[in-house]
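Okay, here's what each chain looks like letter by letter:
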Amino acid sequence: PLPTQGSLLYLDTLRAAFPQALAPRGTALLSWAPGHPYAPAGWPLPSLYCTPSEAGALPSRAASLRVQLLFALRARALRVLEAGLAAELHDALAALHTGWPGLAQDLALGRLSPQPGLPEDVRGRLQALLAPDRVRAAELQAECARGFEGIVQRLWPQLEVLVVGTAHGAEQLYCDALRQADCKGLPFYCPFYQAAGALLGVNLWPEEPVPRFLLCPDWAFCEFLPCPAKEELRTVLLGELWEGREYELVLTARPGEYRCRAGEVLRVAGFHKQCPVVEHVRRDSQALSVRGESITEERFCRSLCRAVGMWPGARLVDYICVESALLGASSGASAPHYEVFVELRGLRDLSEGQRYKLDQCLQEDFPIYKSFRFKGSIGPLRLHLVGAGAFARLREALGSPLPMPRVLREERLLQLIQSTVVS
């Protein structure tokens, strides 16, 4: 749970920027927390949410998001749509795209259809909270039949803001995709900065496009390593930070429990009443390095997005990258290389020339990678397209409400994503 001070700051900031945001039953929640029913805001206000807490704790992620979506659809006067991750909001809306006829029927009849991952006793309790609403069901059918661009604003015309728990790294892909299509015209607000399971800061500027977080000194003990790292590693404290500089976070979440390098790099964007305000830059803990080249997740993602921009009609949904050593003999006899799995919309196949664009972008963006490719010590990158919904199923298999790593190191998950390759 979040510190009470953090929850109060969040609610006060939300109310100041969006005056009707705290209306009773005006917030719907889309967040999967198996076995732990709580809201990402961490504030137990049952009068704030129209979503039953039990719906978020189901054993199945897909079932949980669909049930929460159904309860959200009942509430036409929503002010806030809150998701633990941007990917959860994306996946719930993807379920709307494919399953809106069934959702409309459930609304009209006031029922909750049986589905995998929804125990019968839980279904009975949740169904008791529903009532038939044929008017709302007809509205859902009419709006979905028109298409899905701007569907969120059309279904909930009084909606003021979308609150997401994480919006940096690869989660930014989902924020951008939602802004361009389903959630067009609505602001996104990422209220908290968390690392290694600890709350470290709060975003007091909800209407700014790039999240900035005020570091709160009594929530966890933070130290900082200046970047780039020098030979002598000496941490500095909050009062020794310089505006404009980058630092790697060293965290002691609970005094005496553990002290670790969190692998997160932050940039000091300024100060608010002497407390540092930071922006997330990258996660050094997520990096590709088959020959010591160390390409971080965020920088790889930028190169990938640049390559996708050269594929006419394509939009990147999500991706993972693995080092070929994880595949063992199935990666072939070539030099160590990257194996990249991408889910696209708008494009079913890629030519060899188009696939090479990603390797070319990496060589242009990372001279050390280009050098290794020229020497032959790193082999050509291999790009695989996966089927629609592959990453939603991967998140389900991961079994965690935390952001999914895009540099994959688990053989179990690799086998699952390989089974969805279409070309």
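Scroll up a little and you will see the structure.
Throughout this document, residue positions are counted from 1 along each chain, in the order its sequence is written. Two thresholds apply to this predicted model, a pLDDT of at least 70 for residue-level local features and 80 or more for giving and counting side-chain atom pairs, whereas whole-chain, interface and lining totals are computed over all residues. Values shown for side chains rest on all heavy atoms present in the structure; no hydrogens or waters enter the calculation.

> Could you clarify how one ought to interpret the overall build of the protein in this entry?
Along the backbone of the protein there are 12 helices and 16 strands. The C-alpha radius of gyration computed for the protein amounts to 22 Å, which stays within 12% of the reference 22 Å derived for 423 residues, consistent with globular compactness. Projected onto the principal axes, the alpha-carbon positions of the protein cover approximately 65 × 55 × 35 Å. Only protein chains enter the accessibility calculation, which uses a 1.4 Å probe; a residue whose area is less than 20% of its type maximum is buried, one above 50% is exposed, and one in between is partly exposed. The proportion of buried residues among the 423 residues of the protein is 53%. In this description, contact between two residues means that some pair of their heavy atoms is separated by no more than 4.5 Å. Across the protein, contacts joining residues at least 24 apart in sequence account for 64% of those joining residues at least 6 apart. Strands are runs of DSSP state E lasting at least 2 residues, helices are runs of H or I lasting at least 4, and numbering of each runs from the N terminus. Based on C-alpha atoms, the radius of gyration is set beside the globule rule, defined as 2.2 Å times the residue count to the power 0.38.

> Got a minute to help me understand helix α2 (residues 61-74) in this structure?
Since the α-helix turns once every 3.6 residues, residues separated by three or four places project in the same direction. To estimate how far a helix should extend, the number of its residues minus one is multiplied by 1.5 Å. A rise of 1.5 Å per residue sets the reference length of α2, with its 14 residues, at 20 Å; its end C-alpha atoms lie 20 Å apart and thus fit the reference within 8%. Among the 14 residues that make up α2, 12 are buried, leaving the element largely enclosed by the rest of the structure. Those residues of α2 hidden inside the fold are in contact with β1 (27-30), α3 (86-109), α4 (120-127), α5 (134-145), α6 (151-155) and α11 (390-398). Definition of a polar contact: a pair of N or O atoms within 3.5 Å, with one able to donate and the other able to accept a hydrogen when the atoms are protein atoms, and with sequence-neighbouring residues admitted only if both atoms are side-chain atoms. Sitting at the amino-terminal end of α2 is Ser60, which places a side-chain oxygen 3.4 Å from the backbone nitrogen of Ala62.

> Can you help me understand the side chain of Ser113 in this one?
With respect to the secondary-structure elements, Ser113 resides in the loop between α3 and α4. Looking at Ser113, the relative accessible area reads 16%, which means it is buried. Only 2.7 Å separates the side chain of Ser113 from the side chain of Asp106, close enough to count as a polar contact. Within the structure, Ser113 has its side chain in polar contact with the side chain of Arg111 (distance 3.5 Å).

> So what exactly am I meant to see when it comes to helix α10 (residues 367-375) here?
Of all the residues in α10, the buried ones are Tyr369, Phe372 and Arg373. For α10, the buried positions fall inside an angular range of 100° around the axis, keeping them on one side. For α10, exposure combined with an orientation more than 90 degrees from the buried face picks out Pro367, Phe374 and Lys375. For α10, the elements touching its buried residues are β13 (295-296), β15 (338-345) and α9 (352-365). The directions from the helix axis to the C-beta atoms are what the arc is built from.

> Hey, could you run me through the sheet that holds strand β2 (residues 80-83) in this one?
Adjacent strands of a sheet pair through backbone hydrogen bonds, lying either parallel or antiparallel. Pairing is parallel across the open sheet formed by four strands, whose spatial order is β1-β2-β3-β4. Both outer strands of the open sheet, β1 and β4 (188-189), are each paired with one neighbouring strand and no more. Relative to β4, strand β3 (residues 161-164) runs parallel, the two being bridged by two bridges. Note that in β4 the partner of Val163 across the bridge is Tyr189. Strand pairing is assigned whenever DSSP detects at least two bridges linking the two strands.

> I keep staring at the pairing of strand β10 (residues 260-272) and nothing clicks. Help me out?
Look at any regular strand and the pattern is simple: side chains alternate between the two faces of the sheet. Relative to β10, strand β9 (residues 246-252) runs antiparallel, the two sharing five bridges. The residue of β10 that forms the bridge with Glu248 is Val265. One ladder, built from eight bridges, connects β10 with strand β11 (residues 275-283); its direction is antiparallel. Residue pairing across strands places Leu266 opposite His280, the latter belonging to β11. Counted between consecutive antiparallel strands, the loop separating β10 from β11 contains two residues, among which Lys273 sits at a positive phi close to 50°.

> Please clarify how the sheet that holds strand β8 (residues 221-226) should be interpreted in this entry.
Taken together, seven strands build an open sheet; the order of strands is β5-β6-β7-β11-β10-β9-β8 and the sheet is antiparallel. Every other strand in the sheet has two partners, leaving β5 (192-195) and β8 as the edge strands with one partner each. Here the average twist between neighbouring strands, direction ignored, is 50°. Here an angle of 0 to 180 degrees is reported between the N-to-C directions of two axes, which are lines fitted to C-alpha atoms, with helices fitted over the stretch in contact.

> What is the right way to look at the environment of Val164 in this model?
With respect to the secondary-structure elements, Val164 resides in strand β3. Separated by 190 residues in the primary sequence, Val164 and Gln354 have C-alpha atoms spaced 34 Å apart. Residue contacts for Val164: discarding those within four places in its chain leaves Ala83, Gly84, Ala86, Cys175, Phe188, Tyr189, Cys190 and Pro191.

> How should I be thinking about the nonpolar core in this particular structure?
The tendency in soluble globular proteins is for nonpolar side chains to be buried side by side. Take the buried Ala, Val, Leu, Ile, Met, Phe, Trp, Tyr and Cys residues and link them wherever side-chain atoms come within 4.5 Å; each set so joined is a nonpolar core. Membership of the largest hydrophobic core comes to 84 residues, with the highest contact counts inside it found for Leu81, Leu89, Leu96, Val152, Trp156 and Leu200. Per-element accounting of this core gives the leading share, 10 residues, to α3. Leu173, Leu347, Leu362 and Tyr369 belong to the second largest nonpolar core, which has 32 residues in total.

> Looking at this structure, how should I read the side chain of Glu297?
For Glu297, the location among the structural elements is in helix α8 (residues 297-308). Contacts of Glu297, omitting those with residues within four sequence positions, involve Gly169, Ala170, Arg283, Gln286, Tyr319, Pro405, Arg406 and Val407.

> Where do I start with the pattern of salt bridges in this structure?
Side-chain pairing between opposite charges can occur once the charged atoms of the two side chains come close. Salt bridges are defined as contacts in which a side-chain nitrogen from Lys or Arg sits within 4 Å of a carboxyl oxygen from Asp or Glu. With the rule as written, the count across this model stands at 32 salt bridges. Between Glu223 and Arg259 there is a salt bridge whose closest N-O contact spans 2.7 Å. Of this pair, Glu223 sits in strand β8 while Arg259 is found in the loop between β9 and β10, placing the two residues 36 residues apart along the sequence. When its relative accessible area of 8% is taken as the criterion, Glu223 is described as buried. Glu339 is paired through a salt bridge with Arg382; the nearest N and O atoms lie 3.7 Å apart. With Glu339 in strand β15 and Arg382 in strand β16 (residues 382-385), this residue pair connects regions lying 43 residues apart in the sequence. Exposure remark for Glu339: the relative accessible area of 2% places this residue in the buried category. Among the charged side chains, a network of salt bridges with common partners joins Arg61, Asp91, Glu171, Asp318, Arg395 and Arg406.

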